[in-house]
Amino acid sequence: MEWGWLHSLFFGLITGFSEFLPVSAEAHRVLFRRLTGTGAEIGGFTLICHISILLALLLSCRPQMERIRREQRIASVPKRRRKRQPDPTVLLDVRVLKTAGVPMLLSFVPYLFLAGQGERLWLLAIILAVNGIILYIPRVRKSGNKDSRTMSALDSVLFGLGSALAALPGFSRLGCGVSTLQLSGADRQYALELTLLLSVPALVLLIGLDVYAVITAAAVLSFRLILHYILAALAAFAGAYLAITLMRFLAVNTGFYGFSYYCWGAALLTLFLYLMI
């Protein structure tokens, strides 16, 4: 099927919206291609969508990032010249992010070899089902109020390892990261905000990999293709910002366990597609 305007619109929306929901964005892209029957090269679309998603994330997390920069700037001033002491919680948050970032960023090494595994629908169905279980587990465990002041180095490493599961198509970086922090005793809102911040370097690396894929593919640009890119980029930005807003709303109210049912439904759909092909 030829790639049309609606494909660009829905591909951008699906990619942006699923990136910040506790479901797998890569799994949604695979299912989108299978259900629409499109065989177009989507490397350029993935790149432009990831750039838009990163911009939406930076805009949404701007207050938190400015606060981190402010407290780090104060911490860099000699004590005798400070007008006030830096917020220790913010500085400890940065330490947690740095510790968790190591295993999460190292996961991009196997990601280069595992990215194509998402095309194996039977494997994708299994991982989607496991992702649903990971999302449901915090529901049966009493929530805590642990933050970076009481979080151990092991908690930070486990947080990074949970986020690293996204190297396998079908796992959600946001969902696994948030669930891991909740199981460590963190509050839902705190877990969500920390996972969103950890998504910034992950997206930067994804963009780098997308650029490499586009360069090696040597795709030819045209005016029509550029218009398709713009449409997909705008849709991805809107979808990502909406997803972050929705997740913050759910963090305060019901939580995220409802997405486990969605993952199990997606797993059944994927398994059905596998059996039909």
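Residues numbered from 1 in each chain as written. Predicted model: local features only at pLDDT ≥ 70, side-chain atom pairs only at ≥ 80, totals over all residues. Heavy atoms only, no water.

1. Quick look at the pattern of salt bridges
Stage number 1. A full pass over the atoms with the stated rule returns nine salt bridges.
Stage number 2. Between Arg70 and Glu71 there is a salt bridge; the shortest N-O distance is 3.7 Å.
Stage number 3. Residue Arg84 pairs with Glu71 through a salt bridge whose shortest N-O separation is 2.7 Å. Highlighted residues: Arg84 in the loop between helix H4 (62-75) and helix H5 (88-106) and Glu71 in helix H4, separated in sequence by 13 residues.
Stage number 4. Taking relative accessible area as the criterion, Arg84 reaches 37% and is therefore assigned partly exposed.
Stage number 5. By relative accessible area, which is 3% here, Glu71 ends up buried.
Stage number 6. Shared partners join several salt bridges into a network, and the residues in it are Arg70, Glu71 and Arg84. (Salt bridge = Lys/Arg side-chain N within 4 Å of Asp/Glu carboxyl O. Helix = DSSP H or I, 4+ residues; strand = E, 2+ residues; numbered from the N terminus. Buried < 20%, exposed > 50% of the residue type's maximum accessible area, 1.4 Å probe, protein only.)

2. Things to note about the nonpolar core
Nonpolar side chains in soluble globular proteins generally cluster together in the buried interior.
Stage number 1. Ranked by internal contacts, the top residues of the largest apolar core, which has 55 residues, are Phe20, Leu57, Leu192, Leu196, Phe256 and Phe259.
Stage number 2. Where this core is concerned, the elements lending two or more residues are helix H3 (43-60), H4, H5, helix H9 (173-183), helix H10 (188-217), helix H11 (223-252) and helix H12 (258-276).
Stage number 3. Not counting chain neighbours up to four residues away, the residues in contact with Leu192 comprise Leu174, Val178, Met247, Arg248, Ala251 and Phe256.
Stage number 4. Grouped together as the second largest cluster of nonpolar side chains are nine residues, Leu31, Leu121, Leu128 and Ala266 included. (Core = buried A, V, L, I, M, F, W, Y, C linked by side-chain atoms within 4.5 Å. Contact = heavy atoms within 4.5 Å.)

3. Focus on the packing of H3 against H11
Stage number 1. Remark: H3 packs on H11, axes separated minimally by 8 Å, with the N-to-C direction vectors making an angle of 40 degrees. When the axis of H3 is compared with that of H11, the two are oblique. The two elements H3 and H11 cross, and the hand of that crossing is right-handed. Along its contact with H3, which presents Gly44, Phe45, Ile48, Cys49, Ser52, Ile53, Leu55, Ala56, Leu57, Leu59 and Ser60, the element H11 presents Leu225, His228, Tyr229, Ala232, Ala233, Ala236, Phe237, Ala240, Tyr241, Ile244 and Arg248.
Stage number 2. Residues of the contact of H3 with H11, tallied by class, amount to 17 nonpolar, four polar and one charged. (Axes fitted to C-alpha atoms, helices over the stretch in contact; angles between N-to-C directions. Parallel < 35°, antiparallel > 145°, perpendicular 65-115°, else oblique. Left-handed = near helix turned anticlockwise from the far one by under 90°. Nonpolar A, V, L, I, M, F, W, Y, C, P; charged D, E, K, R; others polar.)

4. Regarding the packing of aromatic side chains
Stage number 1. Going through the model one piece at a time under the given rule, you end up with eleven aromatic pairs.
Stage number 2. Relative to Tyr241, the ring of Phe237 lies with its centre 6.5 Å away and its plane at 15 degrees, an arrangement referred to as stacked. You can see Phe237 and its partner Tyr241 sitting in helix H11, four residues apart, about one turn around the helix.
Stage number 3. Residue Phe237 is classed as partly exposed on the basis of its relative accessible area, which comes to 30%. (Phe/Tyr/Trp six-rings, centres within 6.5 Å; stacked < 30°, edge-to-face > 60°.)

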